[in-house]
Amino acid sequence: MNAPHGSTPGRTPHRLDAAGGCPHAVNARLLAQGAVAPVVLPGGIEGMAVLGHDALRDFLAHPDVAKEPRHFTALAEGRIPEGWPLRTFATVPGMTTADAADHRRLRALVGGAFTARRVEALRPRVEEIAAGLLDDLAGAARGADGVADLRRAYALPLPLGVICELLGVDPAHQDRLHRLSSVVVATDTEPARAVAANRELLALLAAIAAEKTATPGDDLTSALIAVRDEDGDRLAGPELIGTLLLMIVAGHETTLNLVTNAVRALCAHRDQLALVQSGRADWADVVEETLRWDSPLGYFPFRYPTRDLTVDGTPIPRGTPVLAGYAAAGRDAKAHGPDADRFDITRKRKTKHLSLGHGPHYCLGAPLARLEATVALEALFTRFPELDLAVPESALRPHAGFVGNSVRALPVRPYR
């Protein structure tokens, strides 16, 4: 991890665009200069982004890299205001901001719900939800122009509906949960709006927890509340709310982007779609190649070195907020070959992508995300084998912010 490898000391920091945009051209330029890049976060906060595959893999598993906010120097020094758009990522109580024993404790409380066996048992229900949504998509596309927004009508409600069912959340809350979580995780939200959205989201989650405390059910929220009430030391109140926030946001935003990006990729690469439709490739191959080629996450916050580190020849001072450059790592030619920027579902994967994480904080919901995406894609293109984009690819507006990587809407024509 300390061996120099093509980095350039004294590089000019890259100012991340809070409004977002397609990251791939910028990533290619930054990667050409080295695997680690200095960046400027919103508010002028200095940080670093680890972009190269090998450097990121090692950094994510490094024993001297932490997630707890007490290691964030600028936060400890009072330089991070309440309305800072990335503050929730740094401070929400829960497993994403915990280390060591605390992290293992929190992860163990929900990990049993996301084992491969338990997730596979959800397949019939995921297929049922997908079928109903495709009926709605067909209806929406029977309008005058025959166009429907696949992101809003299909890619969003499928994972959001599944995670809310697992948590026992009333469907009436779903639209509000998505709206608020989208504001909270965006990087271009104005401070006052960020504070208001965060407070409203936490209040809504507290109300959901109160509902489940009064009338528990056979769901994960009720199980977590039972743990809290049996032994307060195992799950504190703020940790319960933070865990719900994490599971709802991560439980649908990543899969929403994954399905959107996969459909977009297949529509732009009809030869690849033909391979899977003819049985010469699997839908799982589409999911894995999409995760690599167009990661649902662009730059994911945060990790902090607990001592001064040198990563791929670049010094990262203790307490620096570091972003995981998943989208960049997926197209790193040093790891994935000279054609890393080509979408190829038949690719021989000698190197595993990192888009679902690595090390102790590897995505707990990875089995569920993979199941939802494979079911969603197979059901979609079985029902609408000629589905295509309704606008030129250049007309698609990039996702707001630099954390998520996708487009804001995906207009499609299910029928030719």
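Preceding this section is the structure that the text describes.
Because the structure is a prediction, the values reported are computed rather than measured.

Q: Is there a simple way to explain unusual backbone geometry in this structure?
A: Excluding glycine, residues mostly have negative phi values, and the peptide bonds linking residues are mostly trans. Of the consecutive residues P301 and F302, the connecting peptide bond is found in the cis state with omega at -20°. Its identity as a non-glycine residue notwithstanding, A100 has a phi of 50°, on the positive side. The topology assignment puts A100 in helix α5 (residues 100–111). Unusually for a residue other than glycine, D312 sits at a positive phi of about 55°. Along the chain, D312 turns up in the loop between β7 (309–311) and β8 (314–316).

Q: Teacher, can you tell me more about the pairing of strand β3 (residues 45–50) here?
A: Every regular strand shows the same layout, with side chains that alternate between the two sheet faces. Within β3, five of the six residues are buried, leaving the element largely enclosed by the surrounding structure. As defined by bridge partners, strand β2 (residues 36–41) adjoins β3 across six bridges and the pair is classed as antiparallel. Within the sheet, the bridge partner assigned to A37 lies in β3 and is A49. The hairpin turn running from β2 into β3, its antiparallel successor, is three residues long, and G43 in that turn takes a positive phi close to 80°. Bridging between β3 and strand β9 (residues 322–324) involves three bridges; their strand directions are parallel. In the strand pairing of β9, A49 is matched with L323.

Q: Can you help me understand helix α15 (residues 283–293) in this one?
A: For an α-helix the count is 3.6 residues per turn, leaving residues at separations of three or four pointing the same way. Across the eleven residues of α15, nine count as buried, placing the element largely inside the fold. Among the residues of α15, W283, V286, V287, E288, E289, T290, L291, R292 and W293 are the ones counted as buried. Looking at the buried residues of α15, the elements they touch are α1 (24–33), α13 (237–268), α14 (270–277), α16 (326–330), α17 (333–336) and α18 (366–383).

Q: Looking at this model, I keep getting lost on the nonpolar core. Mind explaining?
A: In a soluble, globular protein the nonpolar side chains are often hidden away together inside. Membership of the largest hydrophobic core comes to 132 residues, with the highest contact counts inside it found for L41, L150, V263 and L380. Among the elements that take part in this core, α13 stands out by supplying 15 residues, more than any other. With residues up to four places along the chain from it excluded, the contact list for L380 reads L134, L137, L150, Y154, V263 and L387.

Q: So what exactly am I meant to see when it comes to the environment of Y299 here?
A: Residue position: Y299 is located in the loop between α15 and β6 (300–305). By relative accessible area, Y299 is classed as buried at 5%. The sequence separation of Y299 and Y326 amounts to 27 residues, and the corresponding C-alpha distance is 6.3 Å. Residue contacts for Y299: discarding those within four places in its chain leaves L16, P23, V26, N27, A49, L51, L323, A324, G325, F402 and V403. Within the structure, the side chain of Y299 is placed 2.5 Å from the side chain of N27, a separation counted as a polar contact.

Q: Just to check I follow, could you spell out the sheet that holds strand β5 (residues 148–149) for this structure?
A: Adjacent strands of a sheet pair through backbone hydrogen bonds, lying either parallel or antiparallel. On the basis of which strands lie adjacent, the open sheet formed by three strands has the order β5-β11-β10 and antiparallel pairing. Of all strands in the sheet, those bounded by a partner on one side alone are β5 and β10 (388–389). Pairing analysis gives two bridges linking β5 to strand β11 (residues 411–413), with the strands arranged antiparallel. Within β11, the position partnered with A148 by the bridge is V412.

Definitions and limits used
Residues numbered from 1 in each chain as written. Predicted model: local features only at pLDDT ≥ 70, side-chain atom pairs only at ≥ 80, totals over all residues. Heavy atoms only, no water. Helix = DSSP H or I, 4+ residues; strand = E, 2+ residues; numbered from the N terminus. Buried < 20%, exposed > 50% of the residue type's maximum accessible area, 1.4 Å probe, protein only. Pairing = 2+ DSSP bridges. Contact = heavy atoms within 4.5 Å. Core = buried A, V, L, I, M, F, W, Y, C linked by side-chain atoms within 4.5 Å. Polar contact = N/O pair within 3.5 Å; in protein donor to acceptor, adjacent residues only side chain to side chain.

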